[in-house]
Each structure stands twice: as structure tokens, then as C-alpha cells.
Amino acid sequence: MSNLCDIGVDPRCWYPACRSDELGPEQAREVRFLGRSFVVFRDVHGAVHCLDNACAHRRVALHEGEVRDCRIVCPYHGWEYGPDGALARIPYWEEEAPLPRLRVRSFPVVERSGLVWFVPEPADPLPPQPPDTSQWDGGEWFSFRQDRVFPNHYGVGLVNGMDYTHFHLHRKYQPWSRLRLRDLESDERRVFGAYEVTSGQSRAERTLRMLLGSDRDASTVTYPLEVYYDYPHHHARLGDGMVVWAFFRPESRDRVAVYITLYIKARRGTRRLRQFAEPFFRRLVLARIQEQDAWIGVREQIAWETRPDEPRCELNPVAAAAERLLRSRWQSYVEEAGPPGDRWPGVRLAHGAAR
Ligand code: FES
Ligand SMILES: [Fe+2]
């Protein structure tokens, strides 16, 4: 299977469904994963639940119904389901007999790091808890989000995030001008790459140096840059002052939702400067870099789909290791759980065609 876009992700891991603050009490949202539809809803007490997004009656999607107290109500005939997916009420049921014993499938769900997480294919035991980013929340760190749905395959986005040699693409905005790879470790769970980047005097580079509180008089400043692929998610650290987390939810073979948070350490005496520099950095540097990544992601998607079997010559060992891990985890899943078949149609189908 040489086409990267034919690779799925192991559904037995935790994936982000939405931000916690995007799901208020008695609200529901649709969540797509590899071509299947799930519904997450928050009950009146604040607890979150996740069900297969298909009513047991006529398979209508539940997320467009309403959440009433602790139940989700189908918009069509009003069948009500409890948090565990069991049918709890049919509004027109007048039989003496009890309700039919029907249920829709429920999935493990947890709130952590400001996100709602779910496991699309629960296995026993469940995977360890999703990543905890609370050490960067508040205190001396400030943060901003850059969530986005990218119209490309998960693997294209993931490898992009691990591969810092593509700074040619971002040459106008990239806050460093030199990069070296110092170390690489990988096993069946993670890839770790240690780069070193050097910032000079361009506008973006000076902004980064200001945010990181570096010596302003030096002509260049060098920072360690560590990148991690903790399957299936990604994070990176720049020096001791910047951290980025990217949590992925592949929706189909050409669409991936990415929940990105950037943390920057606040430094004493730089609050004013920071207040000035942060919006500039976000709008004129980070947003444009992200725009370019979205743009190139579509181009790489086309390259995979139209030339799937032609050789690729990846010279960055970090990118190569990330792609190997992505492929080997999918291979292991298929060997253990069987071919994805209709369970995960989004492995085969583009977003427009996904059910
Ligand atoms: S389709 Fe859901 S209640 Fe009829
Ligand atoms: Fe990029």
C-alpha cells in the first residue's frame, strides 16, 4: 500500500471530538471520524456522552435532535436515548408491554486539556488517558488556539508537522533561518526529533526573539526545537518558551480536523512588548504559515492521488520515521482487527463521498 492516503489511523486511540467550550449544557454536535458519524452531547448536569449518530428506528442522525435533561431525542419520531445509548422513551408508546430493548452504540468519552475526547473503536483495556496540557494553562504561560479543518489526509498534515525542512515554503514568515537535526529516536509508539534552529534579524525572527526573551543585541540566537509524534498526536517545544500541541481527528481520506494550541511563556518586564507582539505574531506570522500549510497540503494530496506508486525520496529522517510509524500502526490495526471494510469508509472515500 504505497499511497499514503490509503492509510487509516488506529481507531482504538483517543481522538478530540471538539473543544469543551464548544459544547454547552443540553447541546449536541456531530463528530466525523474516518467517514463515520458520531454524536457528542452534554447533559443538563454537565457530563458529556458519545453515541453512534444513528437512531435505532430509521437511522436518522441524532445530533439534529435535542438534548433534554440527560437524554438525546431523535428529531424524527422523538425516540429518546440515555447516556449509555439505551432507548429510554417513545413518546407515542401506549402499550402495556415495556419498551423494546434497543440501544445505539455508546463510546468512551472524557474531558481533558480543554477538549472532549472519545475512542471510536473501544478495545479492552482502553488506551491511557489523552495528553494533559494543564501545566501550560494559565500561570506564566499564555496560549492561543489555531484550530482548523485541513482539506488533506491526516498523514500529509502529520508529516508536515514533524518535518521542519519545509521552511522554504514559509520563507517569508519563518522565524528562523537555519536548521540542523541533532537527534532522532523512534519506536512503535513515538518518534522524537531534536532539531536546532537559529534566528537572525528578519522581522519574523526578531519577533520570535522578543517573545522568547532572547538577547536582542546578538546577531543570531540558537534554540533547541524538539518535535514529538506520540501516536496519533503531535507536539513540539521551541527553547524553553514555546510549546505547540496538535491533536488530530481524521474525518475522511482528504480531511482532517486539527486542534492546535500554541503556548508562549510570559516573561517579567515584557508584558507590554508581548501585548504588542503577540497579535502581530499570531496574525502576520502563524496564521500565514498555517495558510501555506493548508495550501501545500492540498498539493501533496493531489501528488499522492495521481502518482501513488512513484518513488518519494524523503531525506529528512524525522519525516521518514513519522511516516513509517503511521504506516506500521495502521498495518498492526488491520492485522489485529481485520480489514477496515465498511466500518471505516473514510479510509477509502473522499470527504464529499463519505457517509
Ligand atoms: S428515526 Fe429516530 S425516532 Fe424515528
Ligand atoms: Fe509548515
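Just so you know, these numbers come straight off a predicted model, no measurement behind them.

Quick notes on the rules
- Residues numbered from 1 in each chain as written.
- Chains lettered and ligands numbered in written order.
- Predicted model: local features only at pLDDT ≥ 70, side-chain atom pairs only at ≥ 80, totals over all residues.
- Heavy atoms only, no water.
- Donors = N, O, S within 2.8 Å, 3.2 Å for Na, K, Ca; no water.
- Tetrahedral: all angles 85-135°; square planar, octahedral: opposite > 155°, others 65-115°.
- Helix = DSSP H or I, 4+ residues; strand = E, 2+ residues; numbered from the N terminus.
- Buried < 20%, exposed > 50% of the residue type's maximum accessible area, 1.4 Å probe, protein only.
- Salt bridge = Lys/Arg side-chain N within 4 Å of Asp/Glu carboxyl O.
- Domains from an automatic or database assignment.
- Contact = heavy atoms within 4.5 Å.
- Buried area = accessible area lost by both parts, 1.4 Å probe.
- Polar contact = N/O pair within 3.5 Å; in protein donor to acceptor, adjacent residues only side chain to side chain.
- Core = buried A, V, L, I, M, F, W, Y, C linked by side-chain atoms within 4.5 Å.
- Pairing = 2+ DSSP bridges.
- Axes fitted to C-alpha atoms, helices over the stretch in contact; angles between N-to-C directions.
- UniProt positions renumbered as here; feature names shortened; annotations may be inferred.
- Phe/Tyr/Trp six-rings, centres within 6.5 Å; stacked < 30°, edge-to-face > 60°.
- Lys NZ or Arg CZ within 6 Å of the ring centre and 35° of its normal.

**Focus on the coordination of the iron ion (ligand 2)**
The coordination sphere of the iron ion (ligand 2) contains the protein donors His166 (NE2), His170 (NE2), Asp293 (OD) and Asp293 (OD), at a distance range of 2.0 to 2.3 Å. Considering all 4 donor atoms around the iron ion (ligand 2), the spread of angles at the metal, 58 to 152°, places the coordination shape in the irregular class. Considered as a linear motif, the donors of the iron ion (ligand 2) on their single chain read H-x3-H-x122-D. Here His170, found in the loop between α1 (154-162) and β14 (178-186), pairs with Asp293, found in helix α3 (residues 271-306); they are 123 residues apart in sequence, far enough to count as distant. With respect to class, His170 is no different from Asp293; both count as buried.

**Description of the pattern of salt bridges**
If you walk through the whole model with that rule in mind, you get 23 salt bridges. Across the pair Asp84 and Arg103 runs a salt bridge, and its minimum N-O distance is 4.0 Å. Residue Asp84 is located in the loop between β7 (80-81) and β8 (87-89), and its partner Arg103 is located in the loop between β8 and β9 (106-107); the two are separated by 19 residues in the primary sequence. A residue is classified by how much of its surface remains accessible, and Asp84, at 38% relative accessible area, is partly exposed. Judged by relative accessible area, which is 51%, Arg103 ranks as exposed. Of the charged contacts in the structure, one is a salt bridge between Arg343 and Glu121, with a shortest N-O distance of 3.3 Å. Residue Arg343 is found in the segment after α4 (317-337), and its partner Glu121 is found in the loop between β11 (115-118) and β12 (141-145); the two are separated by 222 residues along the sequence. Taking relative accessible area as the criterion, Arg343 reaches 29% and is therefore assigned partly exposed. Taken together, the shared-partner salt bridges connect Glu66, Arg68, Arg71, Glu80 and Arg89 into one network.

**Focus: the domain arrangement of the protein**
Taken domain by domain, the protein comprises domain 1 (14-118) and domain 2 (134-332). The straight-line distance from the C-alpha centre of domain 1 to that of domain 2 is 35 Å. The interface of domain 1 with domain 2 comprises 16 residues on the first partner and 13 residues on the second. Counting each side, the surface lost to burial between domain 1 and domain 2 is near 1200 Å², with a carbon and sulfur contribution of 54%. Considering only the surface of domain 1 that becomes buried against domain 2, Tyr15, Pro16 and Arg19 emerge as the three largest contributors, covering 42% of it. The salt bridge partner of Arg19 is Asp147, with a shortest N-O separation of 2.6 Å. The interface formed by domain 1 and domain 2 holds 12 residue pairs in polar contact (both at pLDDT 80 or more) in total. Breaking the side of domain 1 that touches domain 2 down by element, the ones donating at least two residues are β1 (15-19), β2 (27-33) and β11. For the side of domain 1 that touches domain 2, the leading source of residues is β1, giving 5 residues.

**Quick notes on the nonpolar core**
Ranked by internal contacts, the top residues of the largest apolar core, which has 82 residues, are Val40, Tyr154, Tyr229, Leu238 and Phe281. Considering each element in turn, this core owes the most residues, 8 residues, to strand β19 (residues 255-265). In contact with Tyr229, other than residues within four places in its own chain, are Tyr154, Leu158, Met162, Arg189, Arg190, Val191, Ala322, Leu325 and Leu326. Leu51, Cys74, Leu87 and Ile90 belong to the second largest nonpolar core, which has 13 residues in total.

**Digging into the sheet that holds β11**
Within the open sheet, the 3 strands sit side by side as β1-β11-β10. Their pairing is antiparallel. Two strands bound the open sheet, and with one partner strand each, they are β1 and β10 (109-112). Sheet twist, expressed as the mean angle between neighbouring strand axes with direction ignored, is 30°. Bridge analysis of β10 against β11 gives 4 bridges, and the strand direction is antiparallel. Looking at the pairing, Glu111 lines up with Val116 of β11.

**Some thoughts on the sheet that holds strand β3 (residues 36-42)**
Strand order across the open sheet formed by 4 strands is β2-β3-β4-β9, with antiparallel pairing between neighbours. One side of each edge strand has no neighbouring strand; the edge strands of this open sheet are β2 and β9. Pairing geometry for strand β4 (residues 48-52) and β9, over 2 bridges, is antiparallel. In the sheet register, Cys50 faces β9, and the bridge partner there is Phe107.

**Side note on the UniProt feature "domain: Rieske" (unreviewed entry) in the protein**
When the UniProt feature table is mapped to this numbering, "domain: Rieske" (unreviewed entry) covers residues 14-118. In residues 14-118, helix accounts for 0% and strand for 43%; the two terminal C-alpha atoms are 5 Å from one another.

**Topic: the packing of aromatic side chains**
Describing an aromatic ring pair means giving the distance of the ring centres and the angle of the ring planes. By the definition in use, this model includes 16 aromatic pairs. Ring centres of Trp136 and Trp245 lie 5.9 Å apart, and the angle between their planes is 55°; this geometry places the pair in the tilted category. Of the two residues, Trp136 sits in the loop between β11 and β12 while Trp245 sits in strand β18 (residues 242-252), which places them 109 residues apart along the sequence. Per residue, the accessibility class of Trp136 equals that of Trp245, and both read buried. Pairing Tyr229 with Tyr231 gives two aromatic rings, centres 5.8 Å apart and planes at 45°, and the pair type is tilted. The pair formed by Tyr229 and Tyr231 is uniform in burial state, with each residue classed as buried. Three or more aromatic residues joined by ring pairs make a cluster, and in this case those are Tyr15, Phe33, Phe38, Phe107, Phe118 and Trp344. The cationic tip of Arg148 hangs over the ring face of Phe150; the distance from NZ or CZ to the ring centre is 5.5 Å. The lysine or arginine in question, Arg312, covers the ring of Trp304, its NZ or CZ lying 3.8 Å from the ring centre.

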